[in-house]
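# Results of the structural survey
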Amino acid sequence: ADTLDPPENAQYISDYIDNRKESLARIRKRLHHLSRSDKQTWMPVLLWNQGLFFELHEWLEKEWTAETGSRKKALQACILCAIVYEHLSYDRPGPARRLAQKTLSLLEDHINVLPGWVDAQVMIKALERLDPDPPLLDLPEKLSDRSRHD
């Protein structure tokens, strides 16, 4: 049996979609003046800072499938970071904690080949604490926002 009655479920889905549309519109606004290369470079940070962890996972997976070796493992660590915070956003601390342990190991083992947008030490500290508030990642001034939801 469903735990949510249809009106609550419908409202949840509507709110979820509206949130995604608003967040993606904020990202599009920041990216419109950038080169294709800069868009590729900074999209992961913008997705992360907007709390779009599922979308970040999907974005990175395209690159991950084309990589090999240590670089592939480093991207896997980034994807898993996003999944940890997706779990936390749905109040699932158990799965988040288990995945964070695996993620910490990957981050530490592949710290030298992580993408430049990842501040490994900040991410490691957040995962060790299982901080429910994900750290904001640094952006260049031209893309900067003062908070995750501006």
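About the thresholds
Residues numbered from 1 in each chain as written. Predicted model: local features only at pLDDT ≥ 70, side-chain atom pairs only at ≥ 80, totals over all residues. Heavy atoms only, no water. 1 Å grid on protein atoms, 1.4 Å probe; cavity = no way out; pocket = protein on both sides within 12 Å on 5 of 7 lines; lining within 4 Å. Points joined across faces, edges and corners; volume = space filled by probe spheres on them. Nonpolar A, V, L, I, M, F, W, Y, C, P; charged D, E, K, R; others polar. Helix = DSSP H or I, 4+ residues; strand = E, 2+ residues; numbered from the N terminus. Axes fitted to C-alpha atoms, helices over the stretch in contact; angles between N-to-C directions. Parallel < 35°, antiparallel > 145°, perpendicular 65-115°, else oblique. Left-handed = near helix turned anticlockwise from the far one by under 90°. Contact = heavy atoms within 4.5 Å.

What follows concerns empty space enclosed by the protein. For the structure on display, the rule yields 1 cavity of 30 Å³ or more. Each pocket or cavity is described by its volume, and for the largest cavity that value is around 40 Å³. W48, L56, C78, C81, W117, V118 and M123 are the residues that line the largest cavity. A breakdown of the residues in the lining of the largest cavity according to their chemical character gives 7 nonpolar, no polar and no charged.

The next subject is unusual backbone geometry. Even without a glycine there, the phi angle at D91 is positive, about 55 degrees. When you line up the elements, D91 lands in the loop between helix 4 (69-89) and helix 5 (93-109). You will see that L130, though not glycine, has its phi angle at about 50 degrees, which is positive. Secondary-structure assignment places L130 in the segment after helix 6 (120-129).

Remark: helix 5 packs on helix 6, axes separated minimally by 10 Å, with the N-to-C direction vectors making an angle of 160 degrees. Taken as axis vectors, helix 5 and helix 6 run roughly antiparallel relative to one another. When the axes of helix 5 and helix 6 are compared, the crossing they make is left-handed. Here A100, T103, L104, L107 and E108 of helix 5 come into contact with helix 6, specifically with M123, I124, L127 and E128. Tallied by class, the residues present in the contact of helix 5 with helix 6 amount to 6 nonpolar, 1 polar and 2 charged.

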